[in-house]
There are 2 protein chains.
Amino acid sequence: MRTAVIGLGLIGGSLLRALAAGGHAVLGYDADPATRAVARTAAARAPQGERWQVAGAVRDAVANAELVVLAVPLPAVGTVLDELAGIGYSSLLTDVTSVKGPVRDRVNERARRFGRLPGFIGGHPMAGRETSGFTASDPRLFHGCTWVLCLEPGETELTDWLTLAALITTLGARVVPATAADHDRAVAAVSHVPHLLAAALATVAAADPLALSLGAGSFRDGTRVAASPPALSAAMTGGNADAVGPTLDRVLSLLGTARAALDGADPIGELMPWFATGTAARAGWPGEPSEPVALPADPDVLLRLGRAGGWVIAVADDRGTVTAARPLIR
Amino acid sequence: MRTAVIGLGLIGGSLLRALAAGGHAVLGYDADPATRAVARTAAARAPQGERWQVAGAVRDAVANAELVVLAVPLPAVGTVLDELAGIGYSSLLTDVTSVKGPVRDRVNERARRFGRLPGFIGGHPMAGRETSGFTASDPRLFHGCTWVLCLEPGETELTDWLTLAALITTLGARVVPATAADHDRAVAAVSHVPHLLAAALATVAAADPLALSLGAGSFRDGTRVAASPPALSAAMTGGNADAVGPTLDRVLSLLGTARAALDGADPIGELMPWFATGTAARAGWPGEPSEPVALPADPDVLLRLGRAGGWVIAVADDRGTVTAARPLIR
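Residues numbered from 1 in each chain as written. Chains lettered and ligands numbered in written order. Predicted model: local features only at pLDDT ≥ 70, side-chain atom pairs only at ≥ 80, totals over all residues. Heavy atoms only, no water.

- By the naming in an unreviewed UniProt entry, chain A goes by Prephenate dehydrogenase and is assigned to Rugosimonospora africana.
- Listed in UniProt under the heading Sequence similarities (unreviewed entry), the comment for chain A reads: "Belongs to the prephenate/arogenate dehydrogenase family." (UniProt positions renumbered as here; feature names shortened; annotations may be inferred.)

See the structure below:
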């Protein structure tokens, strides 16, 4: 599939390499001339038949594309969308940013202004690393990775979704169907709220050097993500504020129950059942994958699969069925 | 030093082996006959000159001891204290339980009933492992480990404290002087509150299979301790309720500020400084040790060292000075 990747950081660069290695005709573009030069040099060193090209402008990159991937940070998404609308790009479009509601809003806002935009499917490969930039890119980055593809009932063209899912499963990724709202609520629970808890814990411990000197495994693990740059943590958490707020409320409500138990007549007895639910969930996580099953390629079936914690392994050539798996509860 | 270790689980068993390997005459006792048998068999296989003995009763274990170590769980501490009082044991006494205020209360309560108890120094080696029992014991367990020894102004005999500190530093441990109250507040921050946060997070995510399927590094690390048995987490957290409550309040207050920012006009801008304090603390943790310094063996000096995050490396033979280090701020 002829693909243009706009933005050649860790994710965009890795996708460029992975698609080129898979035999696809790919063109990359980055707003930074130095990044373009690095990507061109790397292409020349790639094996014959697995090379990509680097364009000098968005217009040149997307000219013949059947798919455009926006691999730029959220604040740059609107600008590139405007540019694509101006060019009149009208095929498949996806993105890789870590929050899906705000990207969907930007796309829908352009659709109102410019008329219907190309088939947009929001995406999020859960493939973050502590390194960044094109030099850290890796064509194997998506192997075994979970990759959310948004499916909005009554909005997403199913054939577009299946075309993109088919491509991404060939990279070895687990494609998870979810609405933008479901995605944003889920990442609030497993990524954004953990950043808030880790930072609060590190801040409290920081006031007591004795505590820091006694910190061992539970402090090290519980605060690991607190070492992330504050600008990144704030952008991620604050950029998903609508979903993070209610999820944090649920955590605060549970902690309020524990706080009351600590002041109660029998803290140990009251806390035992309080701990039990989380223990059961965490001890069984992550579940082993079930045997692959064939499912009809129907939006409701796909969204139910995603909500049950399942994913698409492959899409049939005729687009009528998908092969899927779910986690087994231990 | 002739030592009796009462309770031969992971910590007691490891201490028995470590002291025997250091050439001390050690006797162990465990209430469980099967554990005593295992410990006897292991002793017979130890190198000549590094063997320990296993007694059939507490009375036999402590008969000639200069030091008794209570390595039993908190609920059993009172029973063993009563037994020692009945026997009339009157030399050095320490324990290894993870909460220090409640142990101190039990000792002081016996002192009121039976008259002065032997020189008691509360202790806590921060050497937990996921394994347990004598079969998991390891004579090298305490090498590099942080070991709190309680020093209560006007209550602890300094010479007793220094004698015990001298012994423990020879096992390779960092001896941290702290009052029982300071210790309990510090472990609330770095161990007990992390267990509460991890369990609350795992419980919220457990309600959403999609969230569990998207969980990656920050969820894995932020909930790792939630897999601990609920009875252990509840005993630890609820057993230190007086210190955990106020520490949890500080965490809840910080999270309340973050919650308000999420509803504010500029969540990203407001959360940036909110994240910064925790990031600075966590990024600099753990600090590198300073060069060793000599300090006078004075209770106030020792407690100041502990409150600053420092520890004792060695005690001079004349007990007049200690060698100490502090973490360097990066």
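### Some thoughts on the UniProt feature "signal peptide" (unreviewed entry) in chain A
- The feature "signal peptide" (unreviewed entry), as given by UniProt, occupies residues 1-20 of chain A in the numbering adopted here.
- The span residues 1-20 of chain A is 55% helical and 20% strand by assignment, and the distance between its end C-alpha atoms comes to 10 Å. (Helix = DSSP H or I, 4+ residues; strand = E, 2+ residues; numbered from the N terminus.)

### A closer look at the domain arrangement of chain A
Residues and elements named next belong to chain A.
- Annotation of chain A at the domain level lists domain 1 (3-141) and domain 2 (184-283).
- Computed from C-alpha coordinates alone, the two centres of domain 1 and domain 2 are separated by 35 Å.
- Between domain 1 and domain 2, the contact holds 8 residues from the first and 5 residues from the second.
- Of the roughly 430 Å² buried between domain 1 and domain 2 on both sides combined, carbon and sulfur atoms contribute 51%.
- For the pair domain 1 and domain 2, the interface holds 0 salt bridges.
- There are 2 residue pairs in polar contact (both at pLDDT 80 or more) connecting domain 1 and domain 2. (Domains from an automatic or database assignment. Contact = heavy atoms within 4.5 Å. Buried area = accessible area lost by both parts, 1.4 Å probe. Salt bridge = Lys/Arg side-chain N within 4 Å of Asp/Glu carboxyl O. Polar contact = N/O pair within 3.5 Å; in protein donor to acceptor, adjacent residues only side chain to side chain.)

### A short note on helix α7 (residues 180-206) of chain B
Residues and elements named next belong to chain B.
- Here α7 contains 27 residues, and its C-alpha end-to-end distance of 37 Å stays within 8% of the 39 Å for a straight helix at 1.5 Å per residue.
- The principal kink in α7, of about 50 degrees, is found at alanine 188.
- Counted residue by residue, α7 has 24 buried out of 27 residues, so it is predominantly covered. (Expected span 1.5 Å × (residues − 1). Bend = angle between axes of the 7 residues up to and from the residue. Buried < 20%, exposed > 50% of the residue type's maximum accessible area, 1.4 Å probe, protein only.)

### Let's talk about empty space enclosed by the protein
- Using the criterion set out here, one finds 5 cavities of 30 Å³ or more in the structure.
- Here the largest cavity is characterised by a volume of approximately 110 Å³.
- In terms of lining, the largest cavity is formed by 16 residues, of which the most central are Gly222 of chain A together with Pro194, Ala198, Asp221 and Gly222 of chain B.
- Elements supplying a minimum of two residues to the lining of the largest cavity: α7 (180-206) and α9 (217-222) of chain A together with α7 and α9 (217-223) of chain B. (1 Å grid on protein atoms, 1.4 Å probe; cavity = no way out; pocket = protein on both sides within 12 Å on 5 of 7 lines; lining within 4 Å. Points joined across faces, edges and corners; volume = space filled by probe spheres on them.)

### A closer look at the sheet that holds strand β4 (residues 67-70) of chain A
Residue and element names in this part refer to chain A.
- With parallel pairing, the 6 strands of this open sheet are ordered in space as β3-β2-β1-β4-β5-β6. Edge positions in the open sheet fall to β3 (53-54) and β6 (120-121), since each of these has one partner strand only.
- When β4 meets strand β5 (residues 92-95), the two strands line up parallel, connected through 4 bridges. Across the sheet, the residue bridging to valine 68 is leucine 93, located in β5.
- Against the sheet, helix α1 (residues 10-21) contacts β1 (3-6), β2 (26-29) and β4, and its axis sits at roughly 165 degrees relative to β2.
- Each of β1, β4 and β5 touches helix α4 (residues 74-87); the most contacted strand, β4, lies at about 155 degrees to it. (Pairing = 2+ DSSP bridges. Axes fitted to C-alpha atoms, helices over the stretch in contact; angles between N-to-C directions.)

### Brief notes about the sheet that holds strand β4 (residues 67-70) of chain B
Residue and element names in this part refer to chain B.
- Spatially, the 6 strands line up as an open sheet ordered β3-β2-β1-β4-β5-β6, and their pairing is parallel. Edge positions in the sheet fall to β3 (53-54) and β6 (120-121), since each of these pairs with one other strand and no more.
- Along the sheet face, helix α4 (residues 74-87) touches β1 (3-6), β4 and β5 (92-95) and points at about 155 degrees away from the line of β4.

### Things to note about the relation of the copies chain A and chain B
- Mapping chain A onto chain B calls for a rotation angle of 180 degrees and an axial translation of 0.0 Å; the resulting RMSD is 0.1 Å. The transformation relating the two chain copies, once decomposed into turn and shift, fits a two-fold axis.
- With an isologous cut-off of 70% or more, the 100% of interface residues of chain A that recur at the interface of chain B puts this contact in the isologous class. (Least-squares fit on C-alpha atoms with pLDDT ≥ 70 in both.)

### Some words on the pattern of salt bridges
- Using the criterion set out here, one finds 28 salt bridges over all chains in the structure.
- For aspartate 221 of chain B, the salt bridge is made with arginine 224 of chain A, and the minimal N-O distance between the two is 2.2 Å. Taken together, the residues span two chains, with aspartate 221 of chain B in helix α9 and arginine 224 of chain A in the loop between α9 and α10 (230-238).
- A salt bridge links arginine 259 of chain B to aspartate 263 of chain B; its shortest N-O distance comes to 3.4 Å. Here aspartate 263 of chain B and arginine 259 of chain B lie together in helix α11 (residues 241-263), a separation of 4 residues that amounts to about one turn.
- The buried category is assigned to arginine 259 of chain B, whose relative accessible area is 14%.
- You can call aspartate 263 of chain B exposed: its relative accessible area is 60%.
- Overlapping salt bridges, with partners in common, bring together Asp82, Glu109, Arg110 and Arg113 of chain A in one network.

### Digging into the packing of α7 of chain A against helix α12 (residues 267-283) of chain B
- Packing of α7 of chain A against α12 of chain B leaves a shortest axis separation of 8 Å and a crossing angle of 60 degrees. Judged by the angle between their axes, α7 of chain A and α12 of chain B are oblique. Note that α7 of chain A runs across α12 of chain B; the crossing there is left-handed. Every residue of α12 of chain B that contacts α7 of chain A at His195, Leu196, Ala199, Ala200, Ala202, Thr203 and Ala206 of chain A is listed here: Leu271, Trp274, Phe275, Thr277, Gly278, Ala281 and Arg282 of chain B. (Parallel < 35°, antiparallel > 145°, perpendicular 65-115°, else oblique. Left-handed = near helix turned anticlockwise from the far one by under 90°.)

### Side note on helix α6 (residues 158-169) of chain B
Residues and elements named next belong to chain B.
- In a regular helix each residue adds 1.5 Å, so 12 residues correspond to 16 Å; α6 covers 16 Å between its end C-alpha atoms and thus fits that length.
- α6 sits mainly inside the fold: 9 of its 12 residues count as buried.
- Turning to α6, its buried residues are Asp160, Trp161, Leu162, Leu164, Ala165, Ala166, Leu167, Ile168 and Thr169.

### Some words on the packing of aromatic side chains
- The full count for this structure, using the stated rule, is 8 aromatic pairs over all chains.
- For the pair phenylalanine 219 of chain A and tryptophan 285 of chain B, a centre-to-centre distance of 5.0 Å together with 80 degrees between the ring planes defines the contact as edge-to-face. With phenylalanine 219 of chain A in helix α9 and tryptophan 285 of chain B in the loop between α12 and β10 (288-289), this residue pair bridges two chains.
- Given a relative accessible area of 1%, phenylalanine 219 of chain A falls into the buried group.
- Here phenylalanine 142 of chain B and tryptophan 147 of chain B contribute two aromatic rings whose centre-to-centre distance is 5.1 Å and whose plane-to-plane angle is 50 degrees, an arrangement assigned as tilted.
- For tryptophan 147 of chain B, a relative accessible area of 2% gives the class buried.
- Note that arginine 174 of chain A overlies the ring of tryptophan 311 of chain A, its terminal NZ or CZ placed 3.9 Å from the centroid. (Phe/Tyr/Trp six-rings, centres within 6.5 Å; stacked < 30°, edge-to-face > 60°. Lys NZ or Arg CZ within 6 Å of the ring centre and 35° of its normal.)

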